[in-house]
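Notes for the structure review
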Amino acid sequence: MEKKQEKKKLGLTTLIFISLLLGAGFGIILHYWIPEGYVRDTVIINGVFYVVGNGFLRAMQMLVVPLVFCSIVCGSMSIGDTKTLGKVGVKAMGFYLVTTALAITLALSVANLIDPGVGMDVSSLETTEAAAAAENISFADTLLNIIPKNPIQGLAEGNMLQIIFFAIFVGILLAKRGERSAAVAQFFSQFNDLMMDMTMAVMKAAPIGVFCLIAKTFAGIGFDAFLPMLKYMAAVFLALMLQGFGVYQILLKLLTGLNPIKFIKKFFPVMAFAFSTATSNATIPLSIETLDKKMGVSKRISSFTIPLGATINMDGTAIMQGVAVVFVSQAFGIPLTLTDYLTVIATATIASIGTAGVPSVGLITLSMVFTSVGLPVEGIALIMGIDRILDMTRTAVNITGDAVCTTIIAHQNKELRREVYERMEQKGE
């Protein structure tokens with residue numbers, strides 16, 4: 001009887017996935033079969049769905065800064081040895097930058113194969129303020145901006161690179177001081193546990209929040225808006241699938257010997273959650289828990305590499321930017337040279353480092369990529385309407401890259417419990 005009751009009880013990740021499907025279905029019903037009016041548009045879509053969906057997102061975003069800060073302090077502290085921490089950090093950074101460069105190269109190749117912008121009429125295009133407002137920050141300034149002038153200001157503004165830099169610094173020094181700072185170390189450890197518990201408490205509302213977010217998206221877009229942009233979307237989706245289920249899994253197999261199919265099965269619920277929220281930061285605790293319980297990856301590694309990846313590993317965003325460059329260049333009839341493509345690869349890779357893990361921020365950094373090769377930033381208006389759907393998909397790819405990187409580094413540092421990986425898969429979890 002107990003086994004039957006256990007089977008009937010659905011897990012949180014299953015409920016989130018069901019909510020995602022139900023939300024999409026309900027949104028499409030609202031778009032096509034419920035007539036426009038006060039009740040549908042004001043009360044349901046822009047009332048209940050907007051408030052509940054964005055309320056859930058705000059609750060998750062509320063936890064991001066303290067969660068990332070404490071996770072990285074504890075991760076740096078638990079690794080302890082500065083030499084080991086340096087190796088883990090360099091490996092993670094190297095992996096993230098290489099896969100981002102691979103992602104944008106793959107995107108440019110797929111886009112040139114599909115030719116999404118050929119035959120596109122851009123005569124009625126309007127300029128977007130969002131694109132024009134973006135700043136073109138030099139690489140030197142990007143590096144300098146990592147070091148906070150005022151760490152409290154960095155925390156208050158949610159500047160993730162500055163938060164990570166300061167957290168690593170604090171964690172290393174706490175590890176070096178040992179017993180002399182035991183009380184401070186204990187505070188961070190307990191506060192980190194508190195943030196994890198708080199995140200899990202907020203996550204209990206995830207099925208409702210996800211339903212409202214997805215329903216609002218599909219109620220506004222429907223399927224009609226996709227048709228003129230189908231080739232562009234197909235190019236982005238194809239490149240994202242190749243990156244998520246091809247490039248990452250090949251690297252996982254080559255560098256760890258683990259079965260990629262098992263990895264995808266175990267990590268798929270986290271991908272579904274990332275898809276629904278379109279924010280890498282919100283998936284941090286879920287990724288760490290899944291890697292620990294299902295993959296056997298030590299939290300000593302994941303508590304450092306996962307928050308780091310949520311900030312600097314934006315392969316999905318880089319793919320969107322690569323396809324968008326080809327799409328807009330073809331739509332405007334502006335030919336790109338080999339040098340232009342190399343410039344796009346370099347610029348998009350650098351831009352991804354400073355991209356925050358929040359919805360649709362890739363559209364802002366896209367203007368920096370466009371400017372680097374002389375494309376009109378007005379082209380961003382072409383893709384703004386459908387970016388939410390693409391944003392959701394590329395976020396799922398981003399967090400998959402973080403998890404693959406973490407698993408590889410854990411394996412190389414003998415922090416991967418392979419028997420947990422195999423045993424849990426046999427149980428069908």
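These numbers were taken from a predicted model, which means no experiment stands behind them.

**Some words on the overall build of the protein**
A tally of helices and strands in the protein yields 20 helices and 0 strands. Burial statistics for the protein: of 429 residues in total, 52% are counted as buried. Relative to all contacts within the protein whose residues are 6 or more apart in sequence, the contacts with residues 24 or more apart total 85%. When the accessible surface of the protein is totalled, it reaches about 19100 Å², and 65% of it is carbon and sulfur.

**Description of helix H13 (residues 284–295)**
Helix length check: H13 (12 residues) gives 15 Å between terminal C-alpha atoms against 16 Å at 1.5 Å per residue, within 8%. Among the 12 residues that make up H13, 10 are buried, leaving the element largely enclosed by the rest of the structure. Along H13, the residues that are buried comprise Ile284, Pro285, Leu286, Ser287, Ile288, Glu289, Thr290, Leu291, Asp292 and Met295.

**Some remarks on the pattern of salt bridges**
Scanning the entire structure with this criterion turns up 5 salt bridges. Across the pair Asp41 and Arg40 runs a salt bridge, and its minimum N-O distance is 2.8 Å. A relative accessible area of 10% places Arg40 in the buried class. Across the pair Arg417 and Asp292 runs a salt bridge, and its minimum N-O distance is 3.2 Å. You can see Arg417 sitting in the loop between helix H19 (387–412) and helix H20 (418–426) and its partner Asp292 sitting in helix H13, a full 125 residues away along the chain. What makes Arg417 partly exposed here is its relative accessible area of 31%. Residues participating in the shared-partner salt-bridge network are Glu289, Lys293 and Lys299.

**A word on the packing of helix H9 (residues 182–203) against H13**
Pairs of packed helices are described in terms of their axes, by the angle between the two and the distance that separates them. Where H9 contacts H13, the axes come no closer than 10 Å and their chain directions differ by 105°. Between H9 and H13, the interaxial angle falls into the category roughly perpendicular. Residue-level contacts link Met196, Thr199, Met200 and Met203 of H9 to Pro285, Leu286, Ile288 and Glu289 of H13. Grouping the constituent residues of the contact of H9 with H13 by class yields 6 nonpolar, 1 polar and 1 charged.

Calculation notes
Residues numbered from 1 in each chain as written. Predicted model: local features only at pLDDT ≥ 70, side-chain atom pairs only at ≥ 80, totals over all residues. Heavy atoms only, no water. Helix = DSSP H or I, 4+ residues; strand = E, 2+ residues; numbered from the N terminus. Buried < 20%, exposed > 50% of the residue type's maximum accessible area, 1.4 Å probe, protein only. Contact = heavy atoms within 4.5 Å. Areas by Shrake-Rupley, 256 points an atom, 1.4 Å probe, with all protein chains shown as cover. Expected span 1.5 Å × (residues − 1). Salt bridge = Lys/Arg side-chain N within 4 Å of Asp/Glu carboxyl O. Axes fitted to C-alpha atoms, helices over the stretch in contact; angles between N-to-C directions. Parallel < 35°, antiparallel > 145°, perpendicular 65-115°, else oblique. Nonpolar A, V, L, I, M, F, W, Y, C, P; charged D, E, K, R; others polar.

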